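If you want the building blocks of each chain, they are given just below.
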Amino acid sequence: MRPRRGLACAMADARYALEPDRKVLEKMTRAVGDFVVDQVATLGEQPSFDLDGADAVRASFREPVPEEATHLEAILERLRPAIAKSYNTAGPGYLAYIPGGGVYAAALAALVAAATNRYVGVTQAAPALAQIEETAGRWLCDLMGLPPAARGLLTSGGSLSNFSAIVTARHERLGEDLAGGTIYFSEETHHCIAKAARLAGFPRGALRPLPTDERFRLRTDILEEAVRADRADGLRPFLVVANVGTTNTGAIDPLPEVRRVADGYGLWAHADAAYGGFFRLAESGEALLRGVEGFDSITLDPHKGLFMPYGLGALLVRDGEALARAHRESAHYVQDLAGEGSLGVADLSPELSRDFRGLRLWLPLQLHGLAAFRAQLTEKLALARWAHEELRQDPHLEVLDAPQLSIVAFRLRAAENEAEHLSLELLRRVNERRRVFLSSTRLRGRYALRICVLSFRTHEEHVREAVGALREEARALLAG
Ligand SMILES: Cc1ncc(COP(=O)(O)O)c(C=O)c1O
């Protein structure tokens with residue numbers, strides 16, 4: 001059979017071969033390298049967000065799958081506007097939600113991992129690479145003060161870490177029978193906990209979002225009462241989730257007291273430290289997060305507090321074997337791989353085949369050393385304290401709490417019936433300058449703005465820019 005014309009042509013031209021020769025490989029890699037360097041080196045000059053015309057760019061990507069090949073350069077050129085028309089989440093002015101940033105070394109690690117494409121799901125298939133992944137997890141356990149029996153699992157993010165934590169707690173405390181199991185957390189807790197609990201088989205009626213104190217921290221007296229009442233009703237309280245930095249305000253629940261209540265009632269104590277956990281590396285960080293080292297499991301997000309690109313979370317479990325008890329399954333077709341060695345990531349998580357994400361953590365830590373991250377995290381805490389002090393002194397703004405970590409929440413000082421729409425307008429005007437990007441939330445039902453300083457690219461000048469813009473626009477709004 002003669003190949004079709006287009007196919008023959010594609011096969012003859014090395015540029016289009018699925019297996020390019022060395023020269024073409026080099027050329028392709030250079031083209032992509034030039035493209036990303038151009039993107040990353042100009043991050044500081046790019047607007048903090050730009051959605052002008054984004055719909056048209058988006059529409060241009062609704063297309064049928066192409067039968068024929070396209071030049072790499074042409075494809076990269078199409079990506080340029082797609083990247084530009086977005087929130088600049090990697091830029092220094094991004095102070096919304098929970099920023100990350102994206103340390104470049106992790107992108108290089110991702111390229112190495114994907115290009116070499118070794119299998120790290122089972123230890124035997126790539127022992128040393130599996131060890132790199134295990135070592136990266138071990139480092140995280142050490143950083144959080146967990147004992148040698150602890151195990152660190154790298155996930156795709158905090159939501160999946162929390163999911164595996166709940167599945168592990170369920171298995172350890174309830175066994176096969178989930179009936180009557182109840183879960184406790186503050187009403188400031190990230191919504192992924194409720195989502196994970198439901199995915200793990202617990203209906204909404206099994207969830208107990210509890211009120212917080214004046215600093216948005218879980219009230220352990222209320223926690224204890226709730227657990228007691230549920231027990232008296234014949235239910236089976238089995239898990240409490242404490243926040244190590246809430247998304248709204250960065251509040252840290254009283255960790256030692258939560259642990260005490262957990263011990264008193266046989267609950268698994270899980271810490272959602274997705275946002276706040278890595279502040280343990282900052283100066284005085286251990287004191288700030290005192291008690292986290294006593295928890296049964298901890299969620300961390302290297303794609304937040306270690307500034308890695310999205311797609312890198314972690315779950316640390318004090319008794320590492322518990323992860324295996326909750327997740328491990330077997331089958332005949334993997335019998336050649338079962339065996340000796342240590343537990344592979346497939347034994348510890350819902351995943352089997354997956355990327356070698358350990359390299360995305362291990363390589364940047366090798367390259368930069370932990371000290372670089374410590375310095376960054378210390379700086380972020382100081383910048384948030386500075387922003388808080390500046391905003392607190394402004395007569396037009398009401399700051400809601402001193403930052404417990406690197407988030408400052410505030411609102412306009414305006415009559416109650418005007419406060420919300422004026423605050424919305426304040427947010428719009430500040431963001432519209434396109435130098436920084438902030439987001440809003442609700443605290444006890446009332447609209448609030450927030451600044452979250454977390455990117456390694458954010459420094460004093462950027463926080464000054466945000467504070468300056470807020471003060472100017474607040475004054476203009478309240479005067480007008
Ligand atoms: C406290 C907290 N927990 C969990 C999550 C969910 O993490 P991810 O977005 O990595 O799934 C977030 C996300 O912002 C968070 O702030």
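Preceding this section is the structure that the text describes.
Every value quoted in this text rests on a predicted model; they were computed, and no experiment measured them.

Q: I tried to follow the overall build of the protein on my own but got confused; where do I start?
A: Scanning the protein from terminus to terminus reveals 18 helices and eleven strands. For 480 residues, the compact-globule estimate of 2.2 N^0.38 gives 23 Å, and the C-alpha radius of gyration of the protein, at 25 Å, lies within 12% of that figure. By its C-alpha atoms, the protein is 75 × 65 × 40 Å across when sized along the principal axes. A buried classification covers 49% of the 480 residues belonging to the protein. Taking all contacts inside the protein whose residues are at least 6 apart in sequence as the whole, residues at least 24 apart take part in 75%. By element, 54% of the accessible surface of the protein is carried by carbon and sulfur atoms, the whole surface being about 22,800 Å². Put simply, the protein has 58 plus and 63 minus side-chain charges, and the middle of one group is 2 Å from the middle of the other.

Q: Hey, could you run me through the sheet that holds strand 9 (residues 407-412) in this one?
A: Whether parallel or antiparallel, the strands of a sheet pair through hydrogen bonds between backbone atoms. Here four strands make up an open sheet; going across it, the order is 8-9-11-10 and the pairing antiparallel. Here the strands that pair on one side only, and so sit at the sheet edges, are strand 8 (397-399) and strand 10 (439-443). Ignoring which end each strand starts from, the neighbouring axes of this sheet average 40° apart. Bridge analysis of strand 9 against strand 11 (residues 446-452) gives four bridges, and the strand direction is antiparallel.

Q: I tried to follow the site of the ligand on my own but got confused; where do I start?
A: In the vicinity of the ligand there are 14 residues, among which Gly158, Ser159, Asp272, Asp301 and His303 approach most closely. At a separation of 2.8 Å, an oxygen atom of the ligand approaches a polar backbone atom of Gly158. Here an oxygen atom of the ligand and a side-chain polar atom of Asp301 are 2.7 Å apart. When the free accessible area of the ligand is taken as 390 Å², the share hidden by the protein chains comes to 84%. Going through the elements one at a time, helix 7 (158-174) and helix 12 (302-305) are the ones with two or more residues in the shell around the ligand. Looking at the shell around the ligand residue by residue, the class counts come to three nonpolar, eight polar and three charged.

Q: How should I be thinking about the pairing of strand 4 (residues 236-243) in this particular structure?
A: Across the eight residues of strand 4, seven count as buried, placing the element largely inside the fold. The pairing of strand 2 (residues 181-186) with strand 4 spans five bridges and is classified as parallel. Paired with Phe185 across the bridge in strand 4 is Val241. Summarising the sheet, strand 4 and strand 5 (residues 268-273) pair through five bridges and their orientation is parallel. Within the sheet, the bridge partner assigned to Val240 lies in strand 5 and is Ala269. In the classification by handedness, the crossover that spans strand 4, the intervening helix 10 (residues 255-265) and the parallel strand 5 is right-handed.

Q: I would appreciate a short explanation of unusual backbone geometry in the present structure.
A: The backbone phi angle of Tyr97 is positive, close to 45°, even though this residue is not glycine. For Tyr97, the position within the fold is in the loop between helix 4 (72-84) and helix 5 (104-116). Positive phi, normally seen in glycine, also occurs at Asn117, with a value near 45°. Along the chain, the position of Asn117 falls in the loop between helix 5 and helix 6 (127-143).

Q: Hey, could you run me through the packing of helix 17 (residues 416-432) against helix 18 (residues 460-479) in this one?
A: Helix packing for two helices is described by the angle between their axes and how far apart those axes are. One way to put it is that helix 17 packs onto helix 18 with a least axis distance of 9 Å and a crossing angle of 135°. As the angle between them shows, helix 17 and helix 18 are arranged oblique. Once helix 17 is placed against helix 18, the crossing between them reads as right-handed. Where helix 17 abuts helix 18, its residues Leu422, Glu425, Leu426, Arg429 and Val430 lie against Ala469, Leu470, Glu473, Ala474, Ala476, Leu477 and Leu478.

Q: Whenever I open this one, the packing of aromatic side chains confuses me. Can you help?
A: Aromatic rings in a pair are described by how distant their centres are and how their planes are angled relative to each other. Per the stated rule, a full pass over the model turns up eight aromatic pairs. When the ring of Phe49 is compared with that of Tyr87, the centres are 6.5 Å apart and the planes differ by 85°; the resulting orientation is edge-to-face. A residue pair is termed long-range when its members are at least 10 positions apart, and Phe49 in the loop between helix 2 (22-41) and helix 3 (54-59) and Tyr87 in the loop between helix 4 and helix 5 qualify at 38 residues. A residue is classified by how much of its surface remains accessible, and Phe49, at 11% relative accessible area, is buried. Classification of Tyr87 as partly exposed rests on a relative accessible area of 34%. Taking the centre distance of 5.9 Å and the plane angle of 70° together, the rings of Tyr275 and Phe279 count as edge-to-face. Judged by its relative accessible area of 3%, Tyr275 falls in the buried class.

Q: Just checking my understanding: could you explain the pattern of salt bridges for this structure?
A: Pairs may arise between side chains of opposite charge once their charged atoms sit close together. The full count for this structure, using the stated rule, is 42 salt bridges. For Arg208, the salt bridge goes to Asp230, with nearest N and O atoms at 2.8 Å. Within this pair, whereas Arg208 is found in strand 3 (residues 207-210), its partner Asp230 is found in helix 9 (residues 220-232), the two being separated by 22 residues in sequence. With relative accessibility at 8%, the residue Asp230 sits in the buried group. The salt bridge involving Asp347 is made with Arg328; its shortest N-O contact spans 3.6 Å. Residue Asp347 is located in helix 14 (residues 345-348), and its partner Arg328 is located in the loop between helix 13 (320-327) and helix 14; the two are separated by 19 residues in the primary sequence. A relative accessible area of 18% means that Asp347 is categorised as buried. Note on Arg328: relative accessible area 47%, which makes it partly exposed. One connected set of salt bridges, linked through shared partners, spans Glu133, Glu351, Arg354, Asp355, Arg357 and Arg360.

What counts as what
- Residues numbered from 1 in each chain as written.
- Predicted model: local features only at pLDDT ≥ 70, side-chain atom pairs only at ≥ 80, totals over all residues.
- Heavy atoms only, no water.
- Helix = DSSP H or I, 4+ residues; strand = E, 2+ residues; numbered from the N terminus.
- Rg over C-alpha atoms; globule rule 2.2 N^0.38 Å.
- Buried < 20%, exposed > 50% of the residue type's maximum accessible area, 1.4 Å probe, protein only.
- Contact = heavy atoms within 4.5 Å.
- Areas by Shrake-Rupley, 256 points an atom, 1.4 Å probe, with all protein chains shown as cover.
- Lys, Arg positive; Asp, Glu negative; His and termini not counted.
- Charge placed at Lys NZ, Arg CZ, Asp CG, Glu CD.
- Pairing = 2+ DSSP bridges.
- Axes fitted to C-alpha atoms, helices over the stretch in contact; angles between N-to-C directions.
- Near = heavy atom within 4 Å.
- Polar contact = N/O pair within 3.5 Å; in protein donor to acceptor, adjacent residues only side chain to side chain.
- Nonpolar A, V, L, I, M, F, W, Y, C, P; charged D, E, K, R; others polar.
- Right-handed = clockwise from strand over helix to strand, strands pointing away.
- Parallel < 35°, antiparallel > 145°, perpendicular 65-115°, else oblique.
- Left-handed = near helix turned anticlockwise from the far one by under 90°.
- Phe/Tyr/Trp six-rings, centres within 6.5 Å; stacked < 30°, edge-to-face > 60°.
- Salt bridge = Lys/Arg side-chain N within 4 Å of Asp/Glu carboxyl O.

The analysis is restricted to geometry; functional conclusions fall outside its scope.
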